[in-house]
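What follows is each chain in one-letter form.
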Amino acid sequence: MTSSARPHLNRRLAEFGTTIFAEMSALAVATGSINLGQGFPDTDGPEEIREAAVRALRDGRGNQYPPGPGIPELRTAIAAHQQRRYGLACDPDTEVLVTAGATEAIAASLLALVEPGDEVVALEPYYDSYAASIAMAGGKRVPVTLRPHEGSFRLDLDELRAAVTDRTRLLLINTPHNPTGTVLTREELAAIAELAVERDLLVVTDEVYEHLVFDGAEHLPPAAFPGMRERTVSIGSAGKTFSFTGWKVGWVTGPRELVGAVRAVKQFLTYVSAGPFQYAVAEALALPDSYFEEFRRSMRERRDILADGLTAAGFEVFRPAGTYFITTDIRPLGEKDGFAFCRALPERAGVVAIPNAVFYDDREAGAPFVRFAFCKREEVLREAAERLRAM
Ligand SMILES: *Cc1c(COP(=O)(O)O)cnc(C)c1O
């Protein structure tokens, strides 16, 4: 996006004027379109968790500044979740930090761990806050592009190895991956871990979709691989897992030295946030397995409704193994420019989507791909599918 509307935005951030989501959401409203652009659910998470937040508010828990690292109940629940799901032990007092969503966790981690001029290797297409956060830290982003291969986007391990130089400080890994829906495999993660150990790199992992994996795909936290625990900052969030994206409760886990560094930065970004919601998220993390299974099942059903609809409408569909996004290729429709396609789609079909090119440095590589979110009610997805088919 251009920064002509922001003449005062500094040079580090000039390229990050406005996000595509604002433009596309405005288009959705103006045209009365179904908005499958931005990834937020159109129904709230579990009633009992919402009630837990109400209770905390009423009981006066969290209405004043909570402790800087997060309330003990939530830090304990996060540590228990890492232990129960992944066998990863962390000390709730020194190795867990509650943040204002994963977004703050990402920004604080990069600000804490990157020196100006350091190179940060990130998977491309990348979540939009990565580039801005790397820039805020004065780092240099080095993208490694995931490429379509037999129905999904895959990491080329040789390209990844070649991207690491003597100036590389940190690998920024996102799995399950937004926007492609790729879930990195055990073999890929083992190779990433080997590289990180060999080149003595820090690793920041964005795992906000850890509970959204389908068809037997398994989420494996990079920190669980040999040699990784001591060099990895793992990031999670309640927003996507519990369908409360407005609460902005995220967290960081890792060794105390790294978490301590992130905490040092976080105290001057937000200091604390979301007091009463922290109590509710502590309860959410302790929900029985049946919650997580049902959430997955219901999202898989929605994925299938939208994926089938997009296929019927003529898109090439990369059926995601994780996240709540579907990346499509528009070339079978005789189109090749995702930007132009997405700008015209609201008028043509009454549906809003996002051009994946915004997630690329190499805009050319991302040009034919378009992302649709399926975290919406089934009838909304059916209607969107119908509109696209009629286009
Ligand atoms: C939504 C999202 C985030 C941001 O999470 P918040 O907890 O809402 O800040 C971070 N990373 C990825 C990949 C996301 O899709």
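For the structure itself, look to the data block above.
Since this is a predicted model, take the numbers as computed values, not measurements. (Residues numbered from 1 in each chain as written. Predicted model: local features only at pLDDT ≥ 70, side-chain atom pairs only at ≥ 80, totals over all residues. Heavy atoms only, no water.)

> Let's hear about helix H12 (residues 338-349): which residues, and what values?
Burial in H12 covers these residues: Gly338, Phe339, Phe341, Cys342, Leu345, Pro346 and Ala349. When H12 is viewed along its axis, its buried side chains cluster within an angular range of 165 degrees and face the same direction. Buried residues along H12 sit against helix H1 (20-31), strand E13 (351-352), strand E14 (354-355), helix H13 (363-366), strand E15 (369-373) and helix H14 (378-390). Structurally, the start of H12 carries an N-cap: the backbone nitrogen of phenylalanine 339 is 3.0 Å from a side-chain oxygen of aspartate 337. Among the residues trailing H12, glycine 350 stands out with phi positive, at a value near 70 degrees. (Buried < 20%, exposed > 50% of the residue type's maximum accessible area, 1.4 Å probe, protein only. Helix = DSSP H or I, 4+ residues; strand = E, 2+ residues; numbered from the N terminus. Arc of directions from axis to C-beta. Contact = heavy atoms within 4.5 Å. Polar contact = N/O pair within 3.5 Å; in protein donor to acceptor, adjacent residues only side chain to side chain.)

> Report on the site of the ligand, specifying residues and quantitative values.
If you check the shell around the ligand, you find 13 residues, and the closest are Thr103, Asp206, Tyr209, Ser237 and Lys240. Within the side chain of asparagine 178, a nitrogen or oxygen atom sits 3.0 Å from an oxygen atom of the ligand. Contact between the ligand and lysine 240: an oxygen atom at 3.1 Å from a side-chain N or O atom of the residue. Take the shell around the ligand: its biggest share by element is four residues, from helix H4 (residues 101-113). Of the residues assigned to the shell around the ligand, the class counts are five nonpolar, five polar and three charged. (Near = heavy atom within 4 Å. Nonpolar A, V, L, I, M, F, W, Y, C, P; charged D, E, K, R; others polar.)

> Which residues make up the side chain of serine 237, and what values do they have?
Positionally, serine 237 belongs in strand E9 (residues 232-237). The class for serine 237 is buried, based on a relative accessible area of 8%. Discounting chain neighbours no more than four positions away, the residues touching serine 237 are Ala102, Val208, Val249, Gly250 and Trp251.

Scope: geometric values only; no functional claims are made or implied.
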